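# Survey of secondary and tertiary structure
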Amino acid sequence: MAAPHDGPWLDDAAGRLVRPYTVSNGRTRPSSQLDLLSLVMATGSTPLGYLGPEHSTALGLCEEPTSVAEIAAQLKLPAAVTKVILSDLLDCGALTQKAPDFYHNPTDRSLLEAVLDGLRRQL
């Protein structure tokens, strides 16, 4: 049974609810430049010190090069919070990052056509 002061912080189905900014220790800006399309990948190095469960989950999602957007979706966290988590992992050497190949020209015609074709297939 929940204590009266627990209020909305406790949910019978989900357990204790945690605000996203709590996951990032209140930080809103990552220490590394990350784009939603940036690819991150685990280096195999074990992070030193304690990192939260979200850090461990994010690291597990990075066995293959994975975009920041995909990791945010898998973690069910806002992109800003995910970027802070990933930058922590970059800072301790557990991840590497790579900007997308088309980053220099996001309006590349072949890229836009591929996106349009993919959207049409979804309809």
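Cut-off values and rules
Once a new chain begins, its residue numbering starts again from 1 and follows that chain's sequence as written. The model is predicted, so local features are restricted to residues of pLDDT at least 70 and side-chain atom pairs to those at 80 or more, both for listing and for counting; the totals for chains, interfaces and linings are taken over all residues. Heavy atoms throughout the structure, all of them, feed into the side-chain values; hydrogens and water do not. Secondary structure follows DSSP: runs of H or I at least 4 residues long count as helices, runs of E at least 2 residues long count as strands, and numbering of each begins at the N terminus. For each residue, the accessible area found with a 1.4 Å probe, counting protein chains only, is set against the maximum for its type, and the residue is called buried under 20%, exposed over 50%, and partly exposed in between. Contact definition: two residues touch when any of their heavy atoms are within 4.5 Å. Working definition of accessibility: Shrake-Rupley area with a 1.4 Å probe, residue cover restricted to the visible protein chains. Strands qualify as paired when DSSP identifies two bridges or more between them. Here, expected helix span is obtained from the residue count minus one, scaled by 1.5 Å. All axes here are fitted lines through C-alpha atoms, helices being fitted over the stretch that makes contact, and every angle between N-to-C directions spans 0 to 180 degrees. For classification, angles of less than 35 degrees are called roughly parallel, those exceeding 145 degrees roughly antiparallel, those between 65 and 115 degrees roughly perpendicular, and all remaining angles oblique. Three categories are distinguished: nonpolar for Ala, Val, Leu, Ile, Met, Phe, Trp, Tyr, Cys and Pro, charged for Asp, Glu, Lys and Arg, and polar for the others, with Gly belonging to the last. Residue types Ala, Val, Leu, Ile, Met, Phe, Trp, Tyr and Cys, when buried and joined through side-chain atoms within 4.5 Å, form a set referred to as a nonpolar core.

Going by the annotation in an unreviewed UniProt entry, the name recorded for the chain is DUF742 domain-containing protein, with Streptomyces venezuelae given as the source organism.

We now examine the overall build of the chain. Helix and strand counts for the chain stand at five helices and five strands. When the helices and strands of the chain are listed from N to C terminus, the series reads β-β-α-β-α-β-α-α-β-α. Every one of the 123 residues in the chain was classed for burial, and the buried ones make up 26%. Long-range pairs, those at least 24 residues apart, make up 68% of the contacts in the chain with a sequence separation of at least 6. Looking at the chain as shown, the accessible area adds up to about 8,600 Å², and 56% of this sits on carbon and sulfur atoms.

As a general point, the strands of a sheet are linked pairwise by backbone hydrogen bonds and lie either parallel or antiparallel. Ordered in space as 4-3-5, the three strands form an open sheet in which the pairing is antiparallel. Edge positions in the sheet fall to strand 4 (66-67) and strand 5 (95-98), since each has one partner strand and no second.

The terminal C-alpha atoms of helix 4 (residues 79-91) lie 18 Å apart, and with 13 residues this matches the ideal 18 Å at 1.5 Å per residue to within 8%. The buried fraction of helix 4 is high, at ten of 13 residues. Taken together, the buried positions of helix 4 are occupied by Val81, Thr82, Lys83, Val84, Ile85, Leu86, Ser87, Asp88, Leu89 and Leu90. The positive-phi residue at the C-terminal boundary of helix 4 is glycine 93, with phi of around 85°.

With that settled, the discussion passes to the packing of helix 2 (residues 53-60) against helix 4. Taken N-terminus to C-terminus, the directions of helix 2 and helix 4 make an angle of 75°; their axes are 10 Å apart at the nearest point. As the angle between them shows, helix 2 and helix 4 are arranged roughly perpendicular. Taken together, the residues of helix 4 that come into contact with helix 2 (itself represented by Glu54, His55, Ala58 and Leu59) are Ile85, Leu86, Asp88 and Leu89. Of the residues in the contact of helix 2 with helix 4, the class split is five nonpolar, one polar and two charged.

With a phi close to 60°, lysine 76 is a non-glycine residue in the positive phi region. Assignment of secondary structure puts lysine 76 in the loop between helix 3 (68-75) and helix 4.

Looking now at the environment of alanine 69. With respect to the secondary-structure elements, alanine 69 resides in helix 3. As a C-alpha pair, alanine 69 and leucine 37 span 32 residues in sequence and 6.5 Å in three-dimensional space.

Right, let's get into the nonpolar core. If you look at the biggest cluster of nonpolar residues, it comprises 16 residues, and the most contacted ones within it are Val40, Ala58, Ile71, Leu86, Leu89 and Leu95. Each residue touching leucine 95, except ones within four places of it in the same chain, is listed here: Val40, Met41, Ala42, Thr43, Leu59, Cys62, Leu86, Leu89 and Leu90.

Now for the packing of helix 3 against helix 4. It is the contact of helix 3 with helix 4, at a shortest axis distance of 9 Å, that shows an interaxial angle of 105°. With respect to helix 4, the axis of helix 3 lies roughly perpendicular. Judged by residue contacts, Val68, Ile71, Ala72 and Leu75 of helix 3 engage Ala79, Thr82, Lys83 and Leu86 from helix 4. When its residues are assigned to classes, the contact of helix 3 with helix 4 shows six nonpolar, one polar and one charged.

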